[in-house]
Structures are given as C-alpha cells and as structure tokens.
Amino acid sequence: LIKAWCYYESRLLGAHHGMLSSYALEIMVLFILNVHGSELDSPLEVFHRFMQVFAEFDFDRYCLSILGPIELNSFPYPRLDAMALPTDQEPLFGAEELREAISQYSTKPDEATCAIECLSHSLSCSREEQPSFQLNKKHLNIMDPLMPTNNLGRSVSKTNSVRMQTAFGHGAKSLTHVFMYQEPAVASQRIALYFNNTWNSIHRVSFDNRSFSTSTGRLNPEYLFMNTSASQRLGAPQIMSVPSVPE
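Just so we're clear, the structure is a prediction, and the values are computed from it rather than from any experiment.

**Student:** Any chance you could explain the overall build of the chain here in plain terms?
**Tutor:** Check the secondary structure of the chain and you find 10 helices and 4 strands. Listing the helices and strands of the chain from first to last along the sequence gives α-α-α-β-β-α-α-β-β-α-α-α-α-α. Counting the 247 residues in the chain, one finds 48% classified as buried. Across the chain, every contact between residues at least 6 apart in sequence was considered, and the portion connecting residues at least 24 apart equals 64%. Of the accessible surface of the chain, which amounts to about 12700 Å², a share of 51% is contributed by carbon and sulfur atoms.

The structure is reproduced here in structure tokens:
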C-alpha cells in the first residue's frame, strides 16, 4: 500500500531524483511496525499511522531508526529520545531480534551490532559508557540498521523533504475520510479514488493477484479493513506488484 502510494500517487520514490529510495521507505515502515505495531490491526491502520507520524516527524531534530528517533545533536554518542516514543507500547522487536538479523544480512556485523547495543542502552547508561559512531547528516536522516553509518535519507534534498511531509499530511487527511465510510461498497469506491493513479498504471494488479480484486477490477475492501491474523488465515495475497525503483 505505502510503496504503491509513494510511487504512483505522490511521486516520492526515486533516489536519483532527489527523493526517497525504496530501502529508506522500507525502514520507515519497519519503524511504524516496531514502535506502533502493537495497536494496529489492519493494513489501512498501518498506512494511516505511517502518514500521520511522518507528516509531523521532526527531521530537523531527529534521525530515524528502527528503534526510535535519535537526537541529531547527540552524535557521535547517539541517544534515543524517550519523550518521542510511546510510553505504553512495547516494541515488536528489540535488540535481540535485530542482532540476529544483523548476523545474517549485514556486511559489517560488528559495527552494526555495536550501534544497536549503543542505541538499546542509550536511555539507561551514561555517555562515557557508550560506544561512538558518526552519521553523515543530511536534510533527511534515516539510519540503516545493517550499516549504521549509512544515511538512507542522504538522497533527499531540502525542497523535496518539505514536499514529502506535505504529501504525507495531505494523504493522512484524505485517508481519514475513508475510515468514515462503513459500507464496503462506498469504502471500495473511496479507496479506488485514493489510489486512482495506481489502478490506471500498467502495473496495477499482477496476474497472480487477480483474485485480490472484485469483479469490477477494484480492490476488495474487506482485505484492507481485516486484521493481520485474519488476513493470514484466509491467505490474502499481496495487493499489487510495484516495480523496483532504481536507487
């Protein structure tokens, strides 16, 4: 949902155009799932929360990481800002899960593990006890969990960072209106309008996912409003195949 909207509806993807890379967007989604996921039950709720959070996220003050917002002025001893994290939410995955992923996928596992340990304990240990590492700061700062010195937001220009947050704010307001409609037929029409460019693209719905659409070629809203466990039980397919965007 999020990648399709960013690619077709708002034109926010494409590092070579000074916009977000696909990998940066994926880390942003993982942040939402990790920090806010315990209170989200459906794909549309995740999508809506994504829009709301990043429309207001203070990228001038924070670097985004999977574990939470990092104060930019805390580098080279990065610290998570506890005040910017939900107080009543438990993360879906923490340092242990990230260490396991790092050991399998990182090209610099020692460096990445050190950074995760640093962030995990930044709220409970003194600055002198923390290992240090630097990040090349840009207008938009997103830390790569597999290589923490890699800033995934480095491709985004100042003008485009403002445009991006404006688009997220507009998208959040528009999506809020979709939640007002309880009738499946009306919800389907509203979602179709919300993803108008996506439906009209040549990559709209892959052949393998044709069962995900209704007989009119529109998205079946029951899948979007369905909670995650229910959709897995029914074997709901992916929404669409979005082409990879060159980094």
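**Student:** Is there a simple way to think about the packing of helix H2 (residues 22–36) against helix H3 (residues 43–56) in this case?
**Tutor:** Helices that pack against each other are described as a pair by the angle of their axes relative to one another and the distance between those axes. One can describe the packing of H2 onto H3 by two numbers: an axis separation of 10 Å at closest approach and a directional angle of 105°. Put simply, H2 runs roughly perpendicular to H3. Along its contact with H2, which presents Leu-25, Met-28, Val-29, Phe-31, Ile-32, Leu-33 and His-36, the element H3 presents Val-46, Arg-49, Phe-50, Val-53 and Phe-54. In the contact of H2 with H3, the residues fall into 10 nonpolar, 1 polar and 1 charged.

**Student:** Please clarify how the pairing of strand E4 (residues 147–151) should be interpreted in this entry.
**Tutor:** For a regular strand, the rule is simple: side chains alternate between the two faces of the sheet. Pairing of strand E3 (residues 143–144) with E4, which is carried by 2 bridges, proceeds in the antiparallel orientation. From the neighbouring strand, Asp-144 faces E4, where its bridge partner is Met-147. Here E3 hands over to E4 after 2 residues, the two strands then running antiparallel side by side.

**Student:** When you look at empty space enclosed by the protein in this model, what are you seeing that I'm missing?
**Tutor:** If a probe as big as a water molecule is rolled over the atoms, it shows which places are left empty. For the structure on display, the rule yields 1 cavity of 30 Å³ or more. The calculated volume of the largest cavity comes to roughly 40 Å³. Along its surface, the largest cavity is lined by Ser-65, Ile-66, Leu-67, Ile-116, Leu-119, Met-143 and Pro-145. Considering only residue class, the lining of the largest cavity consists of 6 nonpolar, 1 polar and no charged.

**Student:** So what exactly am I meant to see when it comes to the packing of aromatic side chains here?
**Tutor:** Aromatic ring pairs are described here by two measures, namely the spacing of the ring centres and the angle between the planes. Applying the stated criterion to the full structure yields 15 aromatic pairs. For the ring pair Tyr-194 and Phe-195, a centre distance of 5.3 Å and an interplane angle of 70° mean the geometry is edge-to-face. Each of the two residues, Tyr-194 as well as Phe-195, counts as buried. A network of ring pairs unites the aromatic residues Trp-5, Phe-31, Phe-47, Phe-50, Phe-54, Phe-57, Phe-59, Tyr-62, Phe-168, Tyr-194, Phe-195 and Trp-199 as a single cluster.

**Student:** Help me understand the pattern of salt bridges in this model?
**Tutor:** Pairing of side chains with opposite charge becomes possible as their charged atoms draw close. For the structure shown, the criterion picks out 3 salt bridges. A salt bridge links Glu-39 to Arg-49; its shortest N-O distance comes to 2.4 Å. Highlighted residues: Glu-39 in the loop between H2 and H3 and Arg-49 in helix H3, separated in sequence by 10 residues. What makes Glu-39 partly exposed here is its relative accessible area of 36%. The partner of Arg-61 in a salt bridge is Asp-81, and the shortest N-O contact between them spans 3.7 Å. With Arg-61 in the loop between H3 and strand E1 (62–65) and Asp-81 in the loop between strand E2 (68–71) and helix H4 (95–105), the pair connects residues that are 20 residues apart, well separated along the chain. Residue Arg-61 is classed as partly exposed on the basis of its relative accessible area of 45%. In this structure Asp-81 comes out as buried when scored by relative accessible area, which is 7%.

Cut-offs used in this document
Residues numbered from 1 in each chain as written. Predicted model: local features only at pLDDT ≥ 70, side-chain atom pairs only at ≥ 80, totals over all residues. Heavy atoms only, no water. Helix = DSSP H or I, 4+ residues; strand = E, 2+ residues; numbered from the N terminus. Buried < 20%, exposed > 50% of the residue type's maximum accessible area, 1.4 Å probe, protein only. Contact = heavy atoms within 4.5 Å. Areas by Shrake-Rupley, 256 points an atom, 1.4 Å probe, with all protein chains shown as cover. Axes fitted to C-alpha atoms, helices over the stretch in contact; angles between N-to-C directions. Parallel < 35°, antiparallel > 145°, perpendicular 65-115°, else oblique. Nonpolar A, V, L, I, M, F, W, Y, C, P; charged D, E, K, R; others polar. Pairing = 2+ DSSP bridges. 1 Å grid on protein atoms, 1.4 Å probe; cavity = no way out; pocket = protein on both sides within 12 Å on 5 of 7 lines; lining within 4 Å. Points joined across faces, edges and corners; volume = space filled by probe spheres on them. Phe/Tyr/Trp six-rings, centres within 6.5 Å; stacked < 30°, edge-to-face > 60°. Salt bridge = Lys/Arg side-chain N within 4 Å of Asp/Glu carboxyl O.

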